[in-house]
Number of protein chains: 2
Amino acid sequence: MSDFSEDACTIALMPSGRQGQVARGTNLLEAARQLGVELESICAGRQTCGKCQILVEAGHYPKLALTSAPEHLSTPDGREAKYLDKHPLAAGRRLACACEVQGDLLIVVPEESQARKQIVAKAATDREIDVLPAVRQVYVEVQSATLESHGGDWERLQAALQAQWGLNALTIDPLALLGLQPALAAGKQAVTVTVWQEREVLRVQPGYAEGAFGLAVDVGSTTVVVHLCDLRTGAVRATESAMNPQVRHGEDLMSRVSYVMMHPDGTEKMHAAVIATLQTLAEQAAQATGITLDDIVDVVLVGNTVMHHLLLGLSPVELGGTPFALAVSDSIDLKAREVGLRLNPAARVHVLPCIAGHVGADNVAVQLAEAPHHSAELMLIVDVGTNAEIVLGDRGGVLCCSSPTGPAFEGAQITHGQRAATGAIERVRIDPLTLEPRWKVIGHPDWLAPGDVSARATGICGSGIIEAVAELFLAGVITADGLFREAAAARSSRVAYVGRTAVYVLADAEQSATGQPITVTQADVRAIQLGKAALYAGVKLLMQARGVAAVDRIVLAGAFGSYIDPRHAMVLGLIPDCALDRVVAVGNAAGDGARIALLNRLARLEAGQIARENTHVQTAVNPNFQTEFVGAIAIPHAGDAFPHLEGILPAPSADPIERRSARRRARPAAE
Amino acid sequence: MSDFSEDACTIALMPSGRQGQVARGTNLLEAARQLGVELESICAGRQTCGKCQILVEAGHYPKLALTSAPEHLSTPDGREAKYLDKHPLAAGRRLACACEVQGDLLIVVPEESQARKQIVAKAATDREIDVLPAVRQVYVEVQSATLESHGGDWERLQAALQAQWGLNALTIDPLALLGLQPALAAGKQAVTVTVWQEREVLRVQPGYAEGAFGLAVDVGSTTVVVHLCDLRTGAVRATESAMNPQVRHGEDLMSRVSYVMMHPDGTEKMHAAVIATLQTLAEQAAQATGITLDDIVDVVLVGNTVMHHLLLGLSPVELGGTPFALAVSDSIDLKAREVGLRLNPAARVHVLPCIAGHVGADNVAVQLAEAPHHSAELMLIVDVGTNAEIVLGDRGGVLCCSSPTGPAFEGAQITHGQRAATGAIERVRIDPLTLEPRWKVIGHPDWLAPGDVSARATGICGSGIIEAVAELFLAGVITADGLFREAAAARSSRVAYVGRTAVYVLADAEQSATGQPITVTQADVRAIQLGKAALYAGVKLLMQARGVAAVDRIVLAGAFGSYIDPRHAMVLGLIPDCALDRVVAVGNAAGDGARIALLNRLARLEAGQIARENTHVQTAVNPNFQTEFVGAIAIPHAGDAFPHLEGILPAPSADPIERRSARRRARPAAE
């Protein structure tokens, strides 16, 4: 306000600190808006929703040049008094929409009354997310039909939405239309309308209603995770997960593609299976939250490219061979019913975009959560799975690629490998002197040692095998080339030969659920070497493309990443050299990204920008990839320096014969 | 072209008569476009579709200042020669897209090569319809995916559609997306794309494909009619009709509304029933045309307001009582699958708008076909049914109303009444001297007289009862007030008394399929009087609102209108006075309107304008309506002059007692 007049009152709003003058008599909700502070309001000032609560700080504030007092607001009128009677507020609170400004005021806006809420994504970067969902609810009072009035109830609702909320050119979902007349009748012409993207009406409920929910869904090859969120507050109300039912048609992505190639109904079958699982998870989450499926009006889906295609009912066959053509890469908006989900009949689905044939919507979601494109530091993000997705970048640009690591990191193709489940060995330590092991199994709190039968292991999962191989190397049992040293058998009976194949006995028969000892074999070491070499070759390609020799920060994404000890990852050469405290695991970053896109419609635009602006580096037929791959088979690997491992690594093997034989046996993992 | 140069050639195009100059070497398709003549082309000049055929008129044309010769076009190149080889054209024809202009030319564009085709709607006004459908097919060649290319096949198709057809910002139906990769593979990257409103892709077919079809559907209370049209040529390829299956839940509209009031699943049941019938008719029409349901990509639906609501699955209950609120009045665009129709999976449905609670999309369609809003003459359009819909207007403005005529005109509530079906008496003549009848029955070509048993009547349909009552009046058997004259029984044994009720024996027992004589009773005469009085009162209200005493032209719409003799309609006082040759019956004008909206997307906008700009006159609670109704019970009726019936009408009855008693007994039909 530039001109000061006697009829002007000074208002300061906390915590934003905004301050200015408004005319005496101004409605406080309006006054806050004039000063740039949006208060929450669903009922548009009708003293119905109680969302615009504020508090007056009484006192003299010289710095603000005002003296604030509760009496500087008009006394509660009939309508507010009626509301307060029914819904007692915390002491001193008022409904801003019911108050007139009568003097200077210092107003405190409690967090729940701030229209733009923020949630903190549980990501490495602790990103704050504005809650600005694609779907919101508004309350309107609709003119009654008369004999003279032209137009139908929908046209009258449109007029009310335009007059009371400024919503123009709306359409209504044909199934939502079915609920319009009953809602108007039950609500005596007052209804709450759920609107998508300020464009389409999804639901009409009688009277004042509250509660619009959404699902953030991450469909992984192995696990499906669903977060049920309150679209107004941003709060996660329930999280449910289940095994991806497609696993029965193939453990890894390529075997699912093969399944479709061999079964004409394979796409439809796997589509129906994953949708049925999502349906069950949605129902569980709704039940846990005490809401109905009708209250779920928005969904964000992410997944790798094969999951993405199967979610949409698209054949993934083209993704199985060069040039790995996606059917569609841009984000997709559709109806939940169009993919077979039974939520609110008009519920929307937003599918995040993909970047390339093997860099999917899950990776876009990871980038949305970790935001390398906003980072001043050069970030390396590694999402390990059957296909590792690797991202390298900062605000100057982001590169990405995928690398065929094979399923070893998920415990497949390992002699005693298994998925990360109760009973699996997940951590391993080997005494460098005695070569005696210690380990932890999932579901049991304590470290176990030989002879301890308080928990029996069922096998080794990905993180366990990685630590085992790294520890075997650190203990000098295997060479930098991954070969068991013949001398090691002399040091301990834990190293044995089965025929001509060396094994390390991790858990004895009595400590195993199978009754067989759990061992790490030469073949297991080789499988891990191939996987980590593929991963590292991808990392190396991106670093070459970017022209850097080191990164500032490493983010391990995905459930698997959470269980790897950064030290062991670096000892193995899974990741390049970096200060160990700059390596962080962020868990399900793809799920975080899905949640961000669910709660903030601008994040959906940002996701599109990420997908368009990423530079995708092709690995599959890149000759450099082969070179880097072969060079990365050693532990940590040949050529690169790992100063941050100084003092941890043993002296490199000097035996050139061992090194050569290792190279000869190494084969790239299947593409 | 303003500047003449030596390198310019003069081109004249027939039949449009457009003429101008183009640069030598210009492609002929492009040259025609420059001169404002659009030639049909699906393949965009690839010599694939053969749609742009033209003919060169050889000779010297002094008035056009040119000498035209076939040699003034470049000789067929390899691609055109190949096409001509496979598809021999009529003598002299060339593909415009393959020709270069090398000299002056007089080009004849055969009708089938004109891009803007016209069809003639079989309406009273013989309206010409530009074929400009909402859905069209385009052929494109799509860049192959490469390892380097960003984006998916859909993004590549979008780029091709933009580059080759200027189509921007397209979306694709999620079910159409499923067909994209298989079509690209089968068509070796060439596909034919079906596009709706230049906005959404509905279908992708491999290679060059032809054939996009649509359904124009008129859902009447009694009959459902489906026209299958070729969307490119505008031709009606098949017409199928069936009884509306909702009839089992109530013959007339209000009994269907009552059915919903009494049965919670009534809406869903009647919705499903009519959709199932539409599905069957669509399948029959497709089979008759030799196409598949997949080829049907667009539908236009019209019907009265109750049918409109039931088609959409909306409850019609609000239409059953004041203020007769429509759930929605504007036109609606949705997917066929959303109403339960299984055509092409992505097929669209367009529902024309309604005007008021009892003036539905069928009436908008009638106005689209008969175009009173473009008429210089004042037109009265009467669509007779259980609810008559009445339109009065010209290009200065259009008024409309509905009037509750009751079901008598459809043969219901008439002693021997029946629907218009084989065996029904549809025409009646009564000799004014002998009172002997003659009649025609549906399905038999000859007039029948007493004693003739070559066809047996099953009852009397609407047109039969109207003629019978009019003829009874003209023969002096009944008075202007509709009462049987006691004296008539003395003139002929055909007039008899059953108890105290007078009847006229139309067909004797031996000529009746039921073995009972077919009679017209005093109650039948009364029912027709009530119906026609309601109809006339509606007409009169519109004429009063418009401030006119006469109309220039009367259009009888609907199947029923086709069977009424205008003379008898006027004798009865169904319609106001008008020169008899200015009264025309136009049959299913609503179906014509649906077809127009199917074939021309601009007509859909025009329909919206009609709905918005009509002035709706309320009859239901209008006190004038009651006054007019009572005044219109007499035959033709009290007060108004019918100069065009001079010499036909008998002298008015002078008996005031008869007239008064008639009035006392008359009751308005139920609203």
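Computed from a predicted structure; not experimentally measured.

So, the environment of Ala-96 of chain A
Residue and element names in this part refer to chain A. Inspection of the secondary structure puts Ala-96 in the loop between β6 (93-95) and β7 (105-108). Residue Ala-96 is classed as buried on the basis of its relative accessible area of 0%. Leaving out residues up to four positions away in the same chain, Ala-96 has contacts with Asn-27, Leu-28, Leu-29, Leu-39, Cys-52 and Ile-54.

Brief notes about helix α15 (residues 589-599) of chain A
Counting buried positions along α15 of chain A gives 11 out of 11 residues, so the element sits mostly inside the fold. Buried within α15 of chain A are the following residues: Ala-589, Ala-590, Gly-591, Asp-592, Gly-593, Ala-594, Arg-595, Ile-596, Ala-597, Leu-598 and Leu-599 of chain A.

Brief notes about the domain arrangement of chain A
Looking at chain A, the domain boundaries give domain 1 (8-113), domain 2 (135-206), domain 3 (216-360) and domain 4 (363-407 + 529-645). Domain 2 of chain A and domain 4 of chain A are separated by 48 Å when their C-alpha centres are compared.

Quick word on the interface of chain B and chain A
Opposite the 41 residues of chain B that make contact, chain A presents 41 residues. With both chains or domains summed, chain B and chain A bury close to 3,000 Å², and 58% of this area falls on carbon and sulfur atoms. Connecting chain B to chain A are 2 salt bridges. At the level of elements, α3 (153-165), α4 (174-177), α5 (180-186), β18 (332-335) and α16 (601-613) of chain B are the ones that each hand at least two residues to the side of chain B that touches chain A. Among the elements that make up the side of chain B that touches chain A, the one with the highest residue count is α3 of chain B (5 residues). A breakdown of the residues in the side of chain B that touches chain A according to their chemical character gives 20 nonpolar, 13 polar and 8 charged.

Observations regarding the packing of helix α7 (residues 266-289) of chain B against helix α8 (residues 305-312) of chain B
Helix-helix packing is described using two parameters, namely the angle between the two axes and the distance between the axes. Residues and elements named next belong to chain B. Where α7 meets α8, the axes come as close as 8 Å, and the angle between the chain directions of the two elements is 90°. Between α7 and α8, the angle is such that the two are roughly perpendicular. Contacts from Thr-267, Met-270, His-271, Val-274, Ile-275 and Leu-278 of α7 reach α8 at Leu-310, Leu-311 and Leu-312. Among the residues making up the contact of α7 with α8, the classes are represented as 7 nonpolar, 2 polar and no charged.

Notes on the packing of aromatic side chains
By the definition in use, this model includes 4 aromatic pairs over all chains. Ring geometry for Phe-625 of chain A versus Phe-629 of chain A: centroids 6.5 Å apart, planes at 25°, classification stacked. Of this pair, Phe-625 of chain A and Phe-629 of chain A both sit in helix α17 (residues 623-631), 4 residues apart, which is roughly one turn of that helix. A cation sits over an aromatic face here: Arg-348 of chain A above Trp-196 of chain A, 3.7 Å from the ring centre. When the ring centre of Trp-447 of chain B is taken as origin, the NZ or CZ atom of Arg-438 of chain B, which lies over that ring, is 5.0 Å away.

Focus: the sheet that holds strand β13 (residues 200-206) of chain A
All names here are of chain A. Strand order across the open sheet formed by 4 strands is β10-β12-β13-β11, with mixed pairing between neighbours. The outermost strands of the open sheet, each flanked by one partner alone, are β10 (135-141) and β11 (171-172). Bridging between β11 and β13 involves 2 bridges; their strand directions are parallel. Each residue of the ladder has a partner; that of Ile-172, found in β13, is Val-201.

Remarks on the environment of Gly-92 of chain B
Residue and element names in this part refer to chain B. For Gly-92, the location among the structural elements is in the loop between α2 (78-86) and β6 (93-95). For Gly-92 and Gln-53, which are 39 residues apart along the polypeptide, the C-alpha to C-alpha distance reads 9.8 Å. Leaving out residues up to four positions away in the same chain, Gly-92 has contacts with Ile-54, Leu-55 and Val-56.

Brief notes about the relation of the copies chain B and chain A
Relating one copy of the chain to the other requires a rotation about an axis plus a shift along that axis. Of the transformation superimposing chain B on chain A, the axial component is 0.0 Å and the angular component is 180°, with the fit at an RMSD of 0.1 Å. A rotation of that kind, with that shift, is consistent with a two-fold axis. No C-alpha of chain B lies nearer the rotation axis than that of Glu-338 of chain B, which sits 5.0 Å from it. When the interface residues of chain B are mapped onto chain A, 100% of them again fall at the interface, so both copies present the same face.

A few points about unusual backbone geometry
All names here are of chain B. Residue Pro-323 is reached from Thr-322 by a cis peptide bond, and omega for that bond is 5°. Ile-635 connects to Pro-636 through a cis peptide bond whose omega is -15°. Despite not being glycine, Ala-65 has its phi angle at roughly 60°, a positive value. Among the structural elements, Ala-65 can be located in the loop between β4 (59-61) and β5 (66-68). Judged by its relative accessible area of 60%, Ala-65 is exposed.

Rules of the game
Residues numbered from 1 in each chain as written. Chains lettered and ligands numbered in written order. Predicted model: local features only at pLDDT ≥ 70, side-chain atom pairs only at ≥ 80, totals over all residues. Heavy atoms only, no water. Helix = DSSP H or I, 4+ residues; strand = E, 2+ residues; numbered from the N terminus. Buried < 20%, exposed > 50% of the residue type's maximum accessible area, 1.4 Å probe, protein only. Contact = heavy atoms within 4.5 Å. Domains from an automatic or database assignment. Buried area = accessible area lost by both parts, 1.4 Å probe. Salt bridge = Lys/Arg side-chain N within 4 Å of Asp/Glu carboxyl O. Nonpolar A, V, L, I, M, F, W, Y, C, P; charged D, E, K, R; others polar. Axes fitted to C-alpha atoms, helices over the stretch in contact; angles between N-to-C directions. Parallel < 35°, antiparallel > 145°, perpendicular 65-115°, else oblique. Phe/Tyr/Trp six-rings, centres within 6.5 Å; stacked < 30°, edge-to-face > 60°. Lys NZ or Arg CZ within 6 Å of the ring centre and 35° of its normal. Pairing = 2+ DSSP bridges. Least-squares fit on C-alpha atoms with pLDDT ≥ 70 in both.

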